[in-house]
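Residue-level structural notes
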Amino acid sequence: ETGVTQSPTHLIKTRGQQVTLRCSSQSGHNTVSWYQQALGQGPQFIFQYYREEENGRGNFPPRFSGLQFPNYSSELNVNALELDDSALYLCASSLAGAQETQYFGPGTRLLVL
Amino acid sequence: GDSVTQMEGPVTLSEEAFLTINCTYTATGYPSLFWYVQYPGEGLQLLLKATKADDKGSNKGFEATYRKETTSFHLEKGSVQVSDSAVYFCALTGTALIFGKGTTLSVSS
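What comes next concerns the included structure. (Residues numbered from 1 in each chain as written. Chains lettered and ligands numbered in written order. Predicted model: local features only at pLDDT ≥ 70, side-chain atom pairs only at ≥ 80, totals over all residues. Heavy atoms only, no water.)

1. Focus on the packing of aromatic side chains
In this description, an aromatic ring pair is defined by two values, namely the gap between the centres and the angle between the planes. Convention followed: Ring pairs shown here join Phe, Tyr and Trp side chains whose ring centres sit within 6.5 Å, with only the six-membered ring taken for Trp; geometry is labelled stacked below 30 degrees between planes, edge-to-face above 60, and tilted in between. To qualify as a helix, a DSSP run of H or I must reach at least 4 residues; to qualify as a strand, a run of E must reach at least 2; elements of each kind are numbered from the N terminus. Burial classes: relative accessible area under 20% of the type maximum marks a residue as buried, over 50% as exposed, and values in between as partly exposed (1.4 Å probe, protein chains only).
What the rule picks out here adds up to 12 aromatic pairs over all chains. With a centroid separation of 5.3 Å and 85 degrees between ring planes, the pair formed by F104 of chain A and Y36 of chain B is classed as edge-to-face. Highlighted residues: F104 of chain A in strand β10 (residues 103-104) and Y36 of chain B in strand β5 (residues 32-38), drawn from two different chains. No difference in accessibility class separates F104 of chain A from Y36 of chain B, as the two residues are buried. Summarising the aromatic geometry, the rings of F62 of chain B and Y88 of chain B are spaced 5.7 Å apart at their centres and angled 40 degrees between planes, so their arrangement reads as tilted. Placement of F62 of chain B in strand β8 (residues 62-65) and of Y88 of chain B in strand β10 (residues 86-93) is noted, with a sequence separation of 26 residues between them. Across the pair, Y88 of chain B and F62 of chain B agree in class, each one buried.

2. Notes on the interface of chain B and chain A
Many structure descriptions define interface size as the accessible area lost when the parts assemble. As a reminder, the rule being used: Contacts were defined at the residue level, with two residues in contact if any of their heavy atoms lie within 4.5 Å. Counted as salt bridges are all cases of a side-chain nitrogen of Lys or Arg within 4 Å of a carboxyl oxygen of Asp or Glu. Whenever two N or O atoms come within 3.5 Å, that pair is a polar contact, provided that in protein one can donate a hydrogen and the other can accept it, and provided that, for residues adjacent in sequence, both atoms are side-chain atoms. Amino acids outside the nonpolar list (Ala, Val, Leu, Ile, Met, Phe, Trp, Tyr, Cys, Pro) and the charged list (Asp, Glu, Lys, Arg) are all regarded as polar, and Gly is one of them.
The interface of chain B with chain A comprises 20 residues on the first partner and 20 residues on the second. Here chain B is connected to chain A by 0 salt bridges. Counting the contacts that link chain B with chain A gives 5 residue pairs in polar contact (both at pLDDT 80 or more). Where the side of chain B that touches chain A is concerned, the elements lending two or more residues are β5, β6 (44-50), β10 and β11 (97-99) of chain B. When residues in the side of chain B that touches chain A are grouped by element, the largest group, 4 residues, is from β5 of chain B. In the side of chain B that touches chain A, the residues fall into 10 nonpolar, 7 polar and 3 charged.

3. As for the state of the cysteines
All names here are of chain B. Condition: When the sulfur atoms of two cysteines come within 2.5 Å, that pair is taken as a disulfide.
Tallied over the full model, the rule gives 2 disulfides over all chains. Paired through a disulfide, C23 and C90 show a sulfur-sulfur distance of 2.0 Å. Looking along the S-S bond of the C23-C90 disulfide, the torsion reads about -70 degrees, which is the left-handed sense. Highlighted residues: C23 in strand β4 (residues 23-26) and C90 in strand β10, separated in sequence by 67 residues. One exposure class covers both C23 and C90, and it is buried.

4. A few points about the sheet that holds strand β7 (residues 56-59) of chain B
All names here are of chain B. Spelled out, the test is: In short, DSSP must find at least two bridges between two strands for them to pair. Axis angles are defined between N-to-C directions and span 0 to 180 degrees, where every axis is a line fitted to C-alpha atoms and, for a helix, only to the segment in contact.
Strands sit in the order β3-β9-β8-β7 across an open sheet of 4 strands; the sheet is antiparallel. Only two strands of the sheet have a single partner each, and these edge strands are β3 (19-21) and β7. Direction aside, neighbouring strands of the sheet carry axes that sit 15 degrees apart on average.

5. Notes on the pattern of salt bridges
Should their charged atoms come close, side chains of opposite charge can pair. Inspection of the entire model under this criterion finds 7 salt bridges over all chains. We note a salt bridge from R57 of chain A to E54 of chain A, for which the minimum N-O separation is 3.3 Å. Exposure remark for R57 of chain A: the relative accessible area of 32% places this residue in the partly exposed category. Salt-bridge contacts for K52 of chain B lead to D55 of chain B; the nearest nitrogen and oxygen are separated by 3.3 Å. Each of R63, E82 and D85 of chain A takes part in salt bridges that share partners, so that together they form one network.

Everything listed here is a matter of geometry and, on its own, says nothing about what the molecule does.
This is how it looks when you write it as structure tokens:
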């Protein structure tokens, strides 16, 4: 069974640029959630996708957007990068349902200069 | 809204000491409760979970009991090891996971 994978592992961008982060779900999982973890903080929910539709969103601006593909892999896109977007971005996959366990990938560390 | 409060860290212990990390929650309904662990430079790993009141989750010597009357889910381990040094997050779930701020545990030999 393959776990959750994310790419790239590290990324450096400058303010105003755009970035795309990628996530492959664990085998058999149909739901993907994205989280932002600032240094020294707990992860904050960005949004969740189920069957290619957004299924919930946290308190993040519209410049944070996402996609889920038919194979349940997912992308997180961030436009007009700001310095405060520097963080570890975590992807988690699960089966559908509020009580289902989410399994996390290793994360992508984004630095915005 | 729903929230999780964890004890402030860092927690510094000697090997074989007893560990308690306090976690309390506020939630509507009956969420599932989780403890995740994050080792340096890595993502989150599920440590244990409990899905209903009075359930006890356990894994690798760690335990936590879902206490509805005190809205708590404290993490305990009887004898910590150096390899347990990490950041521990308590979380509850609705559509998304809501995390506490994390507690850093440092164990010395």
